[in-house]
Amino acid sequence: MGIFGRKNDETTATGATADTAALTGDYTIDPAHSTLGFVARHAMVTNVKGSFQEFEGALHLDGADPSKSTASLDIKMDSITTGSPDRDGHLKSADFFKIDEFPTMTFRSTEAEALGGEDYRITGDLTILGVTRPVTIDLEFNGAAKDPFGNERVGFEGKAEIKRSDWGVTWNAALETGGVLVSDKIKLNFDISAIKNA
């Protein structure tokens, strides 16, 4: 099934389906059932995974015209966690995210497109350290369901790759064997559950 319609639904003259009307609307991201994660290469040999524990966001899904769908996120940088308090403290410091000066990272979508099947792509402005640059996120729609509490939910998985240096996050240390301690390339991954607003 696609996000804006299921194969077995009757299609109207406008190309909309019954499910289109059901899914179109405004949604609030549920942080308790969502994950905003990242992966960085450490010492050239292994991956370090982390996530942000505190964030809020909203989606608008437009079934009649997927290109009009939007997304926004506000992420508290103090909530970063990698499983190491010392490393987390370093990431919050002036070497990396300067959370005292820049407590929030934001994403605001500027474009959305359906790629076919369950695949979508959303492009938007990502702001880190006061620097705003575009980023493109590939999304897979995981489905829609009503939970036991009567909430109408939609789910997505997403991924993107960025270079942290593009946002001025440039701290590093050279290795004796060559290379650097922390990769410039960062992989972003998202598991999003959002509840339709009443």
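Scroll up for the structure.
Everything numeric here is computed off the predicted structure, so don't read it as measured data. (Residues numbered from 1 in each chain as written. Predicted model: local features only at pLDDT ≥ 70, side-chain atom pairs only at ≥ 80, totals over all residues. Heavy atoms only, no water.)

Trainee: Honestly, the overall build of the chain in this entry has me stumped. Any pointers?
Mentor: A tally of regular secondary structure across the chain gives two helices and eleven strands. Each helix (α) and strand (β) of the chain, taken in turn from the N terminus, gives the series α-β-β-β-β-β-β-α-β-β-β-β-β. When the 198 residues of the chain are sorted by exposure, 40% land in the buried category. Pairs at least 24 apart in sequence give 56% of the contacts found in the chain among residues at least 6 apart. Put simply, the chain shows about 10900 Å² of open surface, and 51% of that area lies on carbon and sulfur atoms. (Helix = DSSP H or I, 4+ residues; strand = E, 2+ residues; numbered from the N terminus. Buried < 20%, exposed > 50% of the residue type's maximum accessible area, 1.4 Å probe, protein only. Contact = heavy atoms within 4.5 Å. Areas by Shrake-Rupley, 256 points an atom, 1.4 Å probe, with all protein chains shown as cover.)

Trainee: For this particular structure, what's the right way to read the environment of A58?
Mentor: Examined against the element boundaries, A58 turns out to sit in strand β4 (residues 55–61). Ignoring anything within four residues of it in the chain, the contact list for A58 reads Y27, I29, T70, A71 and S72.

Trainee: Even after reading the chapter, I still don't get the pattern of salt bridges, so can you show me in this structure?
Mentor: This structure, assessed with the given rule, holds seven salt bridges. The partner of K76 in a salt bridge is E54, and the shortest N-O contact between them spans 3.7 Å. Residue K76 is located in strand β5 (residues 70–76), and its partner E54 is located in the loop between β3 (46–52) and β4; the two are separated by 22 residues in the primary sequence. Between E161 and K185 there is a salt bridge whose closest N-O contact spans 4.0 Å. Separated by 24 residues along the polypeptide, E161 in strand β10 (residues 152–163) and K185 in strand β11 (residues 182–196) bring together distant segments of the chain. Linked by salt bridges that have partners in common, D30, D147 and R153 make up one network. (Salt bridge = Lys/Arg side-chain N within 4 Å of Asp/Glu carboxyl O.)

Trainee: Would you explain the nonpolar core in this entry?
Mentor: Side chains of nonpolar character tend, in soluble globular proteins, to be buried together. Counting 42 residues, the largest nonpolar core has F97, L126, I128, V154 and F156 as the members making the most contacts within it. The leading source of residues in this core is β11, at five residues. Non-local contacts of I128, meaning those with residues more than four positions away in its chain, are made with F97, M105, W167 and V169. (Core = buried A, V, L, I, M, F, W, Y, C linked by side-chain atoms within 4.5 Å.)

Trainee: In this structure, what is going on with the packing of aromatic side chains? I would like to understand it.
Mentor: Inspection of every chain in the model, using the stated rule, returns three aromatic pairs. For the ring pair F38 and F52, a centre distance of 5.6 Å and an interplane angle of 50 degrees mean the geometry is tilted. Here the residue F38 occupies a position in strand β2 (residues 35–42), and F52 occupies one in strand β3, the gap between them amounting to 14 residues. Accessibility expressed as a relative area gives 10% for F52, which makes it buried. Ring geometry for F141 against F156: centres 5.5 Å apart, planes inclined by 55 degrees, an arrangement best described as tilted. Highlighted residues: F141 in strand β9 (residues 131–146) and F156 in strand β10, separated in sequence by 15 residues. As far as burial versus exposure is concerned, F141 and F156 are alike and both buried. (Phe/Tyr/Trp six-rings, centres within 6.5 Å; stacked < 30°, edge-to-face > 60°.)

Trainee: Sorry, what's going on with the pairing of strand β8 (residues 119–128) here?
Mentor: Sheet faces and side chains relate simply in a regular strand, where the side chains alternate between the two faces. Of all ten residues making up β8, seven are buried, and the element is well covered by its neighbours. Note: strand β7 (residues 104–116) against β8, nine bridges, orientation antiparallel. Within the sheet, the bridge partner assigned to A114 lies in β8 and is Y120. What sits between β7 and β8 in their antiparallel hairpin is a turn of two residues, with G117 showing a positive phi close to 65 degrees. When β8 meets β9, the two strands line up antiparallel, connected through ten bridges. Residue pairing across strands places T127 opposite T132, the latter belonging to β9. Hairpin connection of β8 to β9: two residues between the antiparallel strands, including L129 at a positive phi of 55 degrees. (Pairing = 2+ DSSP bridges.)

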